[in-house]
Amino acid sequence: MKKEAINVGIVGLGTVGQGVIRVLRENKEFIEQKIFPRKIVLKRIADKDRNKILPESELYKIFTDSTQEVVVDPEIDIIVETIGGFEPARSFIVQALKSGKHVVTANKEVIARAGYEILNLAQENRIYFLFEASVASGIPIIGALSHSLTSYKLKEIIGILNGTTNYILTKMSEEDKEYNEALKEAQKKGYAEADPSKDIDGFDACNKIFILSAIAFRAKIDPDKIYYEGIRNISKLDIQYARELGYTIKLLALAADDGQQLDIKVHPALVPKRHTMANVNGAYNGILLRGEGFGDLTFSGLGAGALPAGSMIVSDIVNIVNNFDNYKNYYSCFKKKEIKDFKKTQSPFYLRIRVKDRPGVLAEIARSFAKNEVSFASVIQKGEAGGIVDIVFLTHRAKEGDVQEALKEVIRLECVEKICSTIRVVEI
Ligand SMILES: NC(=O)c1ccc[n+]([C@@H]2O[C@H](COP(=O)([O-])OP(=O)(O)OC[C@H]3O[C@@H](n4cnc5c(N)ncnc54)[C@H](OP(=O)(O)O)[C@@H]3O)[C@@H](O)[C@H]2O)c1
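The model shown is predicted, which means the values in this text are computed figures rather than measured ones. The numbers attached to residues start from 1 for each chain and follow its sequence in the written order. At least 70 in pLDDT is required for a residue's local features to be given in this predicted model, at least 80 for side-chain atom pairs to be given and counted, and no such filter applies to totals for whole chains, interfaces and linings, which use all residues. Side-chain metrics rest on all non-hydrogen atoms present in the structure, leaving aside hydrogens and water.

**Some thoughts on the site of the ligand**
For the ligand, the set of nearby residues contains 22 residues, the closest of which are Val 16, Asp 47, Lys 52, Thr 67 and Gly 305. A distance of 2.8 Å separates an oxygen atom of the ligand from a polar backbone atom of Val 16. A distance of 2.6 Å separates a nitrogen atom of the ligand from a polar atom in the side chain of Thr 67. Alone, the ligand offers 890 Å² of accessible surface; in the complex the protein occludes 73% of this. Think of it as three bins: nonpolar holds Ala, Val, Leu, Ile, Met, Phe, Trp, Tyr, Cys and Pro, charged holds Asp, Glu, Lys and Arg, and polar takes everything else, Gly as well. Its residues assigned to classes, the shell around the ligand shows nine nonpolar, nine polar and four charged. Note on definitions. A residue lies near a molecule or strand when any single heavy atom of the residue is within 4 Å of it. Nitrogen and oxygen atoms within 3.5 Å of one another constitute a polar contact, given that in protein one can donate a hydrogen and the other can accept it, and given that sequence-neighbouring residues count only through two side-chain atoms. All accessibility values rest on the Shrake-Rupley procedure with a 1.4 Å probe; residue burial counts only the protein chains present in the view.

Set out below in structure tokens:
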């Protein structure tokens, strides 16, 4: 006889863990229609601190402060890991899988650093390890990549995958705020953590584009080889000048397959103002998938929050329940692929260089760039003549390494005070 009640245990009752409880309780009837005749039973919940859960006696009855107890409980079928961070979350996931339990997580750090090993373990034991909520929370992007887009090869992913940085850049752009002011506001509103470095410096987006690339290109790649750069150095002036040139600045996570290597990177970029991706604002995430046959697909939605993440975790649970007796190996055939050396990647560049305003300056700078095979598409002088001025250059497509070499020469010129900004322009 089929097992009718599928028992779930949740470990980590913070924002997302509590979101999962809410989704399961508030949508019970709707969810049961999707899994009929089965039922999902919330069997155990664990956190270090019982005060995390709402003061409801019903939940206290199933609460424990021993995560270990839940992870090995023989009555539990599915563990939801919402502790976050690398350890001890990874060890709990491994232990749950070894105890024959399916695991659902939202933990991108664990997947980025130990995902292949965990997926192998799950496959050997014919159990599920699902992680839809780990990238772009409320957008079902992993399902789209793994279950829906299975007829044509994907060529390119362009993502705004971090809500914190998108919120900050939007505030800087729409309200003319400097970076520090916009960051403080994001922290006050709960969009940025007290230590925001993982978001601000691009590490979070890097983990997410790693996950999307691995799934989309079925690639075994080394996440440490992905170049990432954050938004700390973006200034109000750059946002203003970019706007005048017809662009918006976004933190982009990019991945492309040229058939040989994968070009994967995270950095701020000038995006044409009218493009859909330039209009993904605030704490929203956006993802553009480009492939043959289906063309361009754009997704946008809430990239964080208890209910967006909770709802995707519950969707993974529903998926497991519906395939409980009929194991499907969703994630196999990962092939080793190299990530292209960042210095060899190409794009047009936006450069802002502070110089002494005197005749011949432009010619001197242009010579250094030309020597390194970098040419200009446009040059605009900003500021008053006669003193120190900023010159904004837009280059034609150039190699990253060549631009870096040219800038090393330019900074040595007597007329140059400072290289203020180097921002890539995305061609979409
Ligand atoms: N927040 C979002 O919107 C969002 C969206 C998508 C994905 N995610 C991912 O979801 C995961 C959870 O994020 P979150 O925002 O919910 O984090 P959170 O609010 O910090 O919740 C984590 C909870 O786990 C508890 N915890 C820590 N160590 C534990 C242990 N050994 N056993 C049991 N509980 C433990 C924490 O307690 P203490 O606070 O006392 O340490 C906290 O209550 C992360 O991987 C995150 O990247 C989050």
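**With respect to the domain arrangement of the protein chain**
Note: domain ranges come from an automatic or database domain assignment. What the domain assignment reports for the protein chain is domain 1 (5–137 + 306–335), domain 2 (141–302) and domain 3 (342–425). Each of domain 1 and domain 3 has a C-alpha centre, and these two points are 51 Å apart.

**Focus on helix α7 (residues 141–148)**
Exposure classes here rest on a 1.4 Å probe applied to the protein chains alone. A residue is buried below 20% of its type maximum, exposed above 50%, and partly exposed in between. Secondary structure elements are defined from DSSP: runs of H or I of at least 4 residues count as helices, runs of E of at least 2 residues count as strands, and each element is numbered from the N terminus. Across the eight residues that make up α7, a large majority, six, are buried. The set of residues buried in α7 consists of Ile 141, Ile 142, Gly 143, Ala 144, Leu 145 and Ser 146. Residues are treated as being in contact if the distance between any of their heavy atoms lies within 4.5 Å. Next to the buried residues of α7 lie β7 (154–160), α11 (203–216), β12 (284–291) and β13 (295–302).

**Quick notes on the packing of aromatic side chains**
The aromatic pairing rule takes the rings of Phe, Tyr and Trp, using the six-membered ring of Trp, and pairs them if the centres are within 6.5 Å, calling planes under 30 degrees apart stacked, those over 60 edge-to-face and the rest tilted. Per the stated rule, a full pass over the model turns up 13 aromatic pairs. Each residue in the set Tyr 128, Phe 129, Phe 131, Tyr 327, Tyr 330 and Tyr 331 is aromatic and connected to the rest through ring pairs, giving one cluster. Sitting over a ring, as applied to charges here, requires NZ of Lys or CZ of Arg to be within 6 Å of the ring centre and within 35 degrees of the ring normal. Above the ring of Tyr 116, the side-chain terminus of Lys 220 is found at 5.4 Å from the ring centroid.

**Topic: the sheet that holds strand β3 (residues 63–64)**
Any two strands with at least two DSSP bridges between them are considered paired. The six strands are arranged β3-β2-β1-β4-β5-β6 in an open sheet whose pairing can be described as parallel. Only two strands of the sheet have a single neighbouring strand rather than two, namely β3 and β6 (129–130). Note: strand β2 (residues 39–46) against β3, two bridges, orientation parallel. Looking at β3, one finds that Ile 45 is bridged to Phe 63.

**A word on the pairing of strand β11 (residues 262–272)**
Burial analysis of β11 places ten of its eleven residues in the buried class, the great majority of the element. Bridge analysis of strand β9 (residues 227–228) against β11 gives two bridges, and the strand direction is parallel. Each residue of the ladder has a partner; that of Tyr 228, found in β11, is Val 266. Two strands pair when backbone bridges link them, and strand β10 (residues 247–257) and β11 are joined in this way by eleven bridges, in the antiparallel orientation. Counted as the bridge partner of Tyr 247 is Pro 272 from β11. Between β10 and β11, which pair antiparallel and follow one another directly, the connecting turn spans four residues, one of which, Gly 259, has a positive phi of 95°. Here two bridges tie β11 to strand β20 (residues 416–425), and the two strands are oriented parallel to one another. Each residue of the ladder has a partner; that of Leu 270, found in β20, is Val 425.

**Thoughts on unusual backbone geometry**
Of the consecutive residues Phe 36 and Pro 37, the connecting peptide bond is found in the cis state with omega at 5°. One can find Pro 37 in the loop between α2 (28–35) and β2. In this structure, Pro 88 follows Glu 87 across a cis peptide bond, with omega equal to 5°. Looking at the element boundaries, Pro 88 is found in the loop between β4 (78–81) and α5 (89–98).

**Some words on the layout of surface pockets**
It is the rolling of a water-molecule-sized probe over the atoms that shows where space remains empty. Reported here for the largest pocket is a volume of approximately 1,300 Å³. Computed over the protein atoms alone on a 1 Å grid, cavities are sets of points where a 1.4 Å probe fits but cannot get out and pockets are open sets with protein on both sides within 12 Å along at least five of seven lines; a residue lines them when it has an atom within 4 Å of a point. The wall of the largest pocket is formed by 48 residues, among which Thr 15, Val 16, Gly 84, Lys 108 and Glu 193 lie closest to the centre. No other element matches the four residues that α11 contributes to the lining of the largest pocket. In terms of residue class, the lining of the largest pocket is made up of 17 nonpolar, 18 polar and 13 charged. Structurally, the lining of the largest pocket is a two-domain feature, drawing no fewer than three residues from each of domain 1 (5–137 + 306–335) and domain 2 (141–302). Grid points are joined across faces, edges and corners, and a volume is the space filled by probe spheres set on the points.

**A short note on the pattern of salt bridges**
Pairing between side chains of opposite charge can happen when the charged atoms of each approach one another. Any carboxyl oxygen of Asp or Glu that lies within 4 Å of a side-chain nitrogen of Lys or Arg is treated as forming a salt bridge with it. The full count for this structure, using the stated rule, is 39 salt bridges. Lys 371 is the salt-bridge partner of Glu 409, the closest N and O atoms lying 3.1 Å from each other. Placement of Glu 409 in helix α15 (residues 400–410) and of Lys 371 in helix α14 (residues 361–371) is noted, with a sequence separation of 38 residues between them. Residue class for Lys 371 comes out exposed when judged on its relative accessible area of 62%. Between Arg 424 and Glu 400 there is a salt bridge whose closest N-O contact spans 2.8 Å. Of the two residues, Arg 424 sits in strand β20 while Glu 400 sits in helix α15, which places them 24 residues apart along the sequence. Each member of the pair, Arg 424 as well as Glu 400, is classed as buried. Connected through salt bridges with shared partners, the residues Lys 171, Glu 175, Lys 177, Glu 185 and Lys 189 form a single ionic network.

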